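Chains, contacts and geometry: an overview
Letter by letter, the chains look like this.
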Amino acid sequence: MTALNQVMRMEGTTIMGTQEFEDRRIAVLAQMIRSRVFESRLGEEFAAQREHAKQAHGGRNSAFEDYNSEFRIPIQGNIELSLGQEAGPAAVCSWLNADDYASGTHRSHSLALAKGVPENELLAEIYGKETGLCGGRGGDFMLNDARVNFENSAIMAQLTGIALGFAFAAKRTGRNSIATSFIGDGASNQGIVHEAMNLAAVWNLPMVFVIEDNNYAISTESSQTVATGDLSRRGLAYDIPTVRLSDRETDKLIREAGNAVERARSGNGPSLIVIDTNRLSGAFEGDNQSYRPQGELEAAAQQDALPAYQAQLLAEGVVSQAWVDEQYETARSVFAEALEFAEKSPFPRADSALEGLFA
Amino acid sequence: MKMTAEAQVGADARPGLDEERDMGRQLIMADAMKEALEASMLEDENVFVLGEDIGRMGGVAGQTRGLYNKFGPERLIDAPISEAAFFGLAAGAAQSGLRPVIELMRVDFIGVAMDQLYNYIAKIGYCTGGRRRIPLTLMTQVGNPLRQGAVHAQTLYGTFAHIPGLRLVAPSTSYDAKGLLRSAVLSDDPVVYFFHASLLALPAGPGIEEWTGAEVPEEDYTLPLDKAVTRREGSDVTIVAASLMVHEALRAAKLAEQDGVSAEVVDLRSIAPLDMEHILASVEKTGRLVVVDEDYRESGLSGEIVTRVVEAGVALRTPPERVTRAHVPIPYSAPLDDAVRPTPEKILAALRQVTRG
């Protein structure tokens, strides 16, 4: 059987219209809203803090770039938001449990939340607080929650390799868990991705590779960096069953994610899902995206999967406007609580910095 | 039954060894390593070995030969030439209850897997505040007996030692090779285990010296991963070395004895963390220091040891000397290689320098 045939033969194992599927659609939309609100609020907070810093320092950026300045804004580092990309993580993670592993990149808040990372500890880690996921030692670029087997890394595609190990161990020890690895189109050019896909395929590991293709690696368009154009060929090259679809086809995305997860869980090896999506925010907060052609961002906003899916479920009567409103309201109060938690939490003791290098 | 007692190698390893003496059980280093792996795998089903050509073939140096037939392809896993992927795989598996031993065929190949090692394996324990740990052993071959040139010959101790979060050990004897590897597999930290190509046939190979014939007990034993050992007692000068350089240092010490110089030889065994307590005690006694390092000269292990001795305020009677590889890539041609590598003659010259006058 050729790889192409495998793709053509991808079958739906999840039936639309069943109550189970309807519940899943609702859960996915709820998660998308929760992620959207969290990141929107995070972006607002970050912008407000930086603006405050600039004002306090005569409009200079150096207010938050001077290492020795006494003046500090609470959110450390760079913030990379996944606004516009919530559907993929929400759809895939709707099939995962806490034992399943998920790894992300620098742009992973939506994935973290969809995987079940608590907002309070997530934000506290971004604030560098003792109560954060890693006690303030990892930060936004090394988020890690062993309880739900989520982590991210700002080294592009690094964790694709680590994910293999979680899949390998699951298979070897007879656990029913699987591993998923989320990367972007830019990271898919890394050698480790190809090594990992080859190894996952040749050893039939329970893996789901996900490429969130937002067409940009910071400012560089995929067309300038990806020889094949169509990233689904990344999977076909290794005989890995592959689908490519837009996150606006959210129902199909949920189904195909279910198929891929089921394939891994039932011992039938790895899959690749390529999700065409849109990065609505800058590569990092403060990035004005001037490199994007005129009108492109506006067009991308029109393609935003969240309002589209929300409108679809409303139109079908699957959810009510009151339910939708309640989701946003809840998400906002969850963020508010997380913000208060992060702000009020203590910093780690400075004299603990040398502890724990070894077990 | 595990034996945790320290090796008494140093005490017995002196010139003029009685030829009639029973040397006890002799094992080449490759076989000593194999015994450690075998004991580890028998004890814990979660231990497996993963690397290129370590299964069916038994390793390019024979260091896993026979284990495949005993434990099968699920425990001795031949990996594709994808070091980054199988390093990552091992790191993930190590966080899921498994205890991988991975092999990097030659230390020179670390470049292609460096990100997995230094940005992940070394960091994740600390950066998660101990919520994650990576019990992983990385075995890798160092050294240049075949004179293979710049990319099949390095030791790179300093490259690894510069990374916080890795334990590094480098055995110089078969006894240590077994005990240190056994401890590495039992450790909950990532341990890099450097085995030297020139020592794999110890003590059966050419250049055998009396100190290489340390007895290797049949029974299982461990050694501490962070302790140096004195191989030769002396009163005039301390030579600090690791792995093959311990042997070169001992040869130089023998030559120096003819000059009336009494050299003490400290075998690091652990390159990270350094057993400074042991090193300092020796240098305080002798007041002179020669560091021998097969790695490159600049910003590395030899400089670190000298610095820490100086920082500790030990009163040196003469300036310390370093005998290292010159700071150039390792040239292929034998005369060129000889010109840049540490040799017993160069160590002897350093000993003369620090004991002059």
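Keep in mind it's a predicted model, so treat the numbers as computed, not measured. (Residues numbered from 1 in each chain as written. Chains lettered and ligands numbered in written order. Predicted model: local features only at pLDDT ≥ 70, side-chain atom pairs only at ≥ 80, totals over all residues.)

Quick look at the overall build of chain A now. Of the regular secondary structure elements, chain A holds twelve helices and nine strands. Taken over the C-alpha trace, chain A has a radius of gyration of 20 Å; the compact-globule value for 359 residues is 21 Å, and the two agree within 12%. Along the first, second and third principal axes, the C-alpha set of chain A runs to 65 × 55 × 40 Å. Once local pairs closer than 6 in sequence are excluded, the contacts in chain A between residues at least 24 apart make up 75%. (Helix = DSSP H or I, 4+ residues; strand = E, 2+ residues; numbered from the N terminus. Rg over C-alpha atoms; globule rule 2.2 N^0.38 Å. Contact = placed C-beta atoms within 7 Å.)

All names here are of chain B. Taken domain by domain, chain B comprises domain 1 (26–212) and domain 2 (229–355). Relative to domain 2, the C-alpha centre of domain 1 lies at a distance of 25 Å. Every element with two or more residues in the side of domain 1 that touches domain 2 is listed here: α7 (157–161), β5 (167–169), α8 (174–186) and β6 (191–196). Its residues placed into classes, the side of domain 1 that touches domain 2 shows 14 nonpolar, ten polar and four charged. (Domains from an automatic or database assignment. Nonpolar A, V, L, I, M, F, W, Y, C, P; charged D, E, K, R; others polar.)

Residues and elements named next belong to chain B. Residue proline 273 is bonded to the preceding alanine 272 through a cis peptide linkage, with omega at -5°. For proline 273, the position within the fold is in the loop between β10 (270–272) and α10 (276–286). Of note in the backbone geometry, serine 243 takes a positive phi value of approximately 55° without being a glycine. Mapping serine 243 onto the fold places it in the loop between β8 (237–241) and α9 (244–257). Residue classification places serine 243 among the buried positions, given that 28 C-beta atoms sit within 10 Å. (Buried ≥ 20, exposed ≤ 12 C-beta atoms within 10 Å, placed from the backbone.)

All right, on to the environment of Arg356(B) then. All names here are of chain B. Among the secondary structure elements, arginine 356 is positioned in the segment after α13 (344–355). The exposure class of arginine 356 is exposed, given the 7 C-beta atoms found within 10 Å. A C-alpha to C-alpha distance of 8.7 Å links arginine 356 and threonine 318, two positions 38 residues apart in sequence.

Our next topic: the environment of Gln289(A). Examined against the element boundaries, Gln289(A) turns out to sit in the loop between β9 (271–276) and α10 (296–302). Sequence separation between Gln289(A) and Gln85(A) is 204 residues, and the spatial gap between their C-alpha atoms is 17 Å.

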